[in-house]
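Okay, here's what each chain looks like letter by letter:
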Amino acid sequence: MTTVLVADDDSDIRELVAFKLGQAGYDVLAVGDGAAALETARAQEPDLAILDLMMPGLSGLDVCSQLRRDEATAALPVIMLTAKAQEQDVATGFATGADDYVVKPFSPRELVSRVQAVLARTAS
Amino acid sequence: MTPVAPELPREALEVFFEVTQWPVLAYFLLVNTSYLLLIALAAVELTRHLRRVPFAGHDEACASPLTPAVSVLVPAHDEEAGIVTAVDAMLGLRYPAHEVVVVDDGSRDATFARLEEAHDLVEVPRVVPQDLPTRGRVLSVHVPRDGRTSLVVVRKENAGRSDALNVGVNVARHGIVCFVDADSILDPDALLTVTKPFADDPERVVASGGVVRAVNGCRVVAGRVVETRMPPGWLARTQVVEYLRAFLLGRAGWSRAGALVLISGAFGVFRRDVVVSVGGLDPDCIGEDFELCVKVHRAMRDAGRDYRVVQVAEPVSWTEVPSTRSVLASQRRRWHRGLWEVLHRHRDMIGNPRYGRIGLVALPWFVVFELAAPVLELGGLVVVALGLALGAVGGDEVLRFTLVAYGYGIFVSVAALAVEEFSFHRYGRWRDLATALVVCVLENVGYRQLTALWRLQGLLAALRGTEQVWGVMTRTGFGDAAAVLPAGARRAGGAA
Amino acid sequence: MTSAAGVVARALVLAALPTALPTALPASLPSALPWALLVLAAVVLLLVGGIAARRAARRRRAERVRRATEPLRPLLLELVAGEPDEQADAASRLTALAPPVWRSVEPAVVALLSKVRGDSRAEVVGLLEDRGVLARARADLHRRGAVERARAAELVGAAGDATSVPALVELLTADRAGEVRLVAARALGRIGAAEAAAPLLSALREPRGRGGVPPQVLAHALLRLGPAAAGHLTAALVDDSAAVRATACEILGRVGAVGSVAALRERLRGDASPEVRARAATALGRLGMPSALPDLVAASAPPAPGAVRTCAVRALGELGDPRAVPVLAGLLADDDGRVAALAGPALVGLGGPGRTALHEAADPGAPEAAAAPDDAVDAVPDAAAADAPEDAAPGGPLVRARAREALVMAQLREVVPAQRRPSRARAVAPARLVGDGA
């Protein structure tokens, strides 16, 4: 079964994403901050990570770049989820190695199709 | 009552007591009443503020590309233990566009090495503009290797906190600068909250301060306070109540009255151009934060500008308060010495109608009720004790003194707790409430007298220091002295 | 309960009087003392009791809300994220909730408005409509209390309620409370109704500071209206008010209104306000039309004021036209430190020719030498000593340092992404951005 890691400090968003992805048939690991995200990504080896950009401790970008630096997690597909919508932030997100970028407020349905698309793209 | 002492001293003391007791009582009455008024003003301010939280528009400001960018300046000296967590937390603050500038002020520990490792720093050539004069030479400038993370680390020769912040202002690229101590813990919305006045009233607001609270005893996870608790140890507990009364409510009251003269250096936000125009922080002044704020007021009033200096009511910044007596003592001596220096330097503003509420109300208040407080506090105590010992005063007089000086003080403290309970109620546990109430009573026995003693020592040191300076007309600067003080004692700022 | 702190404040002042007075009585009235002590003790105890009562009440309420909302959590999730039939079912069950239960859960429902978009948000709006929450908010837009009006405006804005637009415009233009006007402006932006453009622009004309809506809020609201407002904005470029013209420039650049380039160039060339000229320069840089080059070049040099010049230099970098290379290379040695500092990054934006110019400026002896992070460092002049005018002259140490700084920063930005993905080659272009940032 495909496992998705969700890291967001807003419990509403976490619950919402977990619920929607659970419905779509994914296993979901939900955490509330960057450090926990990194730890979970290393320990549980999920198939995809959805990271909030602004989290306490390590930001989504920090987590992403640390994942990329580590051989074991370098290939983990990452979707950034964030309220920051400026071009600069988007560019930074992609430069750091994110595969896709979803702006809050988000559509749960659209998020699922993005998860599916990213997984399909990176599987090949 | 049988007089055991010789007649003459007793009679002299009786006369003395007769003459002085009413002014002294009136003084304490006024001190506490002024505090009560400030707390009442703060309560009005907090009510206003809280009713507006639902439409504060933080999400909107956070998503807006038009929100003004902020440079967060973090002076660091020997902060290896906490620097990485602190910088991570500051980079992770909810804000659309901010950079973090860490100024490593000649640390002798691994402060820089920790940062270098955590953020994969590389040295870059960078031309630092000399908008503010600085002392310690800039040795090198570093940025994360990705060239994108908004972090700049500047290494410089040690020259004290003020100089480090001045270098930070020079390096800062944005129009608003935020001074934060490396050991401060900020709430995730801290920047949005404290810069809101700049966004709401961009023409007039030149500075805003955040409320500082004691982090001792709180549960901190990943550089964020997740649960507010009373610390163990009565010294720290007392300071929690003290900070609540003075920082949260006292300053919110001053802000409401439009006469805020003190923005805490642990978390203050300024317009960069204004800081540059007043010459930045004075490295020779112990109370540099207070001095900067007074200097800003002076410059604005001299220029005849319509301006505002505000305190944001929301508690957003947390700092470790001293938990040992010796550290607390040096902190309070330093604060009081700084208070004297600033008031002395700007003495021409005191009582000067040209400076409006600042000159006529706020600064005189600081002179009378802050600067002179330890003298009257200890003096009153000594006279009453002597009079009682010599039989010169009766129970009524003692009772009256106690009532006005301490009873009324307890009432003020409890009132502050009530305002906190009705507004932010951060201390959720019943046990913490009980502790706080006990502190309101207990702080009057021992703590108040001890701090008064330390403050008096600070005042005396300041007076001696100034005489020396007047004599030789050279100042060596307190930079190094400031740098070697323990973390909790380094921050300047009066009690109100 | 919200005004409770105010009540406390008034109580404090009143309570202070009886406690203070007896102590001020002459010594001839010693009997007053015990009385004063008693009053003081009573007042303190009263306050303590108040604190405890308040705390107990708050905890009870929080517990009640928790008990009421917890079982409804799955229902809320189904409403916003479920399959269509689940959504309908959840909506009808939430609509049928007893009023006290609904009141407990209502804040959680409202909070969802700002977290989801698309049909999920539509479900939430529908539920709020069915429960009469929106009708109440629409009525509250005319309430007496400013806070009530502002809260209502916030809610109809969050819900994107188009029927409230006329009422919100009314609030924006005529409300006596500045904060209500502010929230109304924000709400109009969130609803995104094009007819709000004109009132939002005219709100900019009001004197700022006391009571006026901050220009930044109005500008963001206009920005959210998107290209629909472009016509109004272009017309506003010749408004009498400089604030209106400046904001119009800013927004036109951000919404990508390339049709306004000619009018923006006009502003850059001849506007009386430096602020307007600076914003026009920035906008022209964002729009990226090469026709703006001559005007931007002219604005980057004196006698244009410093603020205009810095914006023009930045814009030349964004425009990316290599014809600007000689101008920008010359500006590296400009007397205005801010202008000179921006010339380097701008040259990077011009691509190859810009880089070559930077290499030449960085190392006049060996134009082909590449500046690398490690060997460039030692040549930085001590900034404190770099005040001498000859340092800032072409070929001087300050100019070399500025050029090196720009090159090194550019190099960092480029090298890293390639290094970062050791095990995965990216063949596919990154996906389109989600949403438009609204």
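Residues numbered from 1 in each chain as written. Chains lettered and ligands numbered in written order. Predicted model: local features only at pLDDT ≥ 70, side-chain atom pairs only at ≥ 80, totals over all residues. Heavy atoms only, no water.

Visitor: I keep staring at helix α2 (residues 34-44) of chain A and nothing clicks. Help me out?
Guide: In an α-helix there are 3.6 residues to a turn, and that puts residues three or four apart on one side. Residue and element names in this part refer to chain A. Listing the buried residues of α2 in full gives Gly34, Ala37, Leu38, Thr40 and Ala41. Seen from one end, α2 has its buried residues packed into an arc of 165°, which puts them on one side. Of the residues in α2, the exposed ones pointing more than 90 degrees away from the buried face are Glu39 and Ala43. Against β1 (3-7), β2 (27-31), β3 (48-52) and α3 (60-69) lie the buried residues of α2. The opening residue of α2, the one whose side-chain oxygen lies 3.1 Å from the backbone nitrogen of Ala35, is Asp33. Positive phi shows up at Glu45, right after α2, with a value of about 45°. (Buried < 20%, exposed > 50% of the residue type's maximum accessible area, 1.4 Å probe, protein only. Helix = DSSP H or I, 4+ residues; strand = E, 2+ residues; numbered from the N terminus. Arc of directions from axis to C-beta. Contact = heavy atoms within 4.5 Å. Polar contact = N/O pair within 3.5 Å; in protein donor to acceptor, adjacent residues only side chain to side chain.)

Visitor: Which parts of the structure should I look at to understand the pairing of strand β2 (residues 98-105) of chain B?
Guide: Regular strands place their side chains on alternate faces of the sheet. Residue and element names in this part refer to chain B. Across the eight residues that make up β2, a large majority, eight, are buried. Because side chains alternate across β2, one face comprises the buried residues His98, Val100, Val102 and Asp104, and the other comprises Glu99, Val101, Val103 and Asp105, equally buried. Relative to β2, strand β1 (residues 70-76) runs parallel, the two sharing seven bridges. Looking across to β2, one finds that Val74 is bridged to Val102. Handedness of the crossover joining β1 and β2 through helix α3 (residues 83-91) is recorded here as right-handed. Here β2 runs beside strand β5 (residues 151-156); their pairing, made up of six bridges, is parallel. Across the sheet, residue Asp105 finds its bridge partner in β5, namely Lys156. (Pairing = 2+ DSSP bridges. Right-handed = clockwise from strand over helix to strand, strands pointing away.)

Visitor: How should I be thinking about the packing of aromatic side chains in this particular structure?
Guide: Residue and element names in this part refer to chain B. Applying the stated rule across the entire model yields 10 aromatic pairs over all chains. When the centroid spacing of 6.2 Å and the interplanar angle of 15° are considered together, the rings of Tyr408 and Phe411 count as stacked. Within this pair, Tyr408 and its partner Phe411 are both found in helix α13 (residues 395-422), separated by three residues, close to a single helical turn. Its end group placed over the ring of Phe112, Arg155 keeps NZ or CZ at 4.1 Å from the ring centre. (Phe/Tyr/Trp six-rings, centres within 6.5 Å; stacked < 30°, edge-to-face > 60°. Lys NZ or Arg CZ within 6 Å of the ring centre and 35° of its normal.)

Visitor: What should I look at first to understand the pattern of salt bridges in this one?
Guide: Where charged atoms from two side chains of opposite charge approach closely, those side chains can pair. Summed over the entire model, instances satisfying the criterion amount to 75 salt bridges over all chains. Residue Asp284 of chain B pairs with Arg135 of chain B through a salt bridge whose shortest N-O separation is 3.2 Å. A residue pair is termed long-range when its members are at least 10 positions apart, and Asp284 of chain B in the loop between α8 (272-277) and α9 (288-302) and Arg135 of chain B in the loop between β3 (121-124) and β4 (138-144) qualify at 149 residues. For Asp284 of chain B, a relative accessible area of 13% translates into the label buried. Overall, the relative accessible area of 49% leaves Arg135 of chain B in the partly exposed class. For Asp89 of chain C, the salt bridge goes to Arg93 of chain C, with nearest N and O atoms at 3.8 Å. Here Arg93 of chain C and Asp89 of chain C lie together in helix α4 (residues 84-95), a separation of four residues that amounts to about one turn. (Salt bridge = Lys/Arg side-chain N within 4 Å of Asp/Glu carboxyl O.)

Visitor: Looking at this model, I keep getting lost on the confidence of the model for chain C. Mind explaining?
Guide: A low pLDDT means the predicted coordinates there should not be read in detail. Residue and element names in this part refer to chain C. Mean pLDDT over chain C stands at 81; residues scoring 70 or higher make up 79%. Confidence, read as mean pLDDT per element, is least for helix α22 (residues 373-376) in chain C (42) and greatest for helix α7 (residues 133-140) (95). Here residues 13-29 is modelled with pLDDT under 50, and outside its nearest four sequence neighbours on either side it reaches 25 contacts, counting other chains as well. At the level of chain-chain contacts, confidence expressed as ipTM amounts to 0.87, with global pTM at 0.85. (pLDDT = per-residue confidence, 0-100.)

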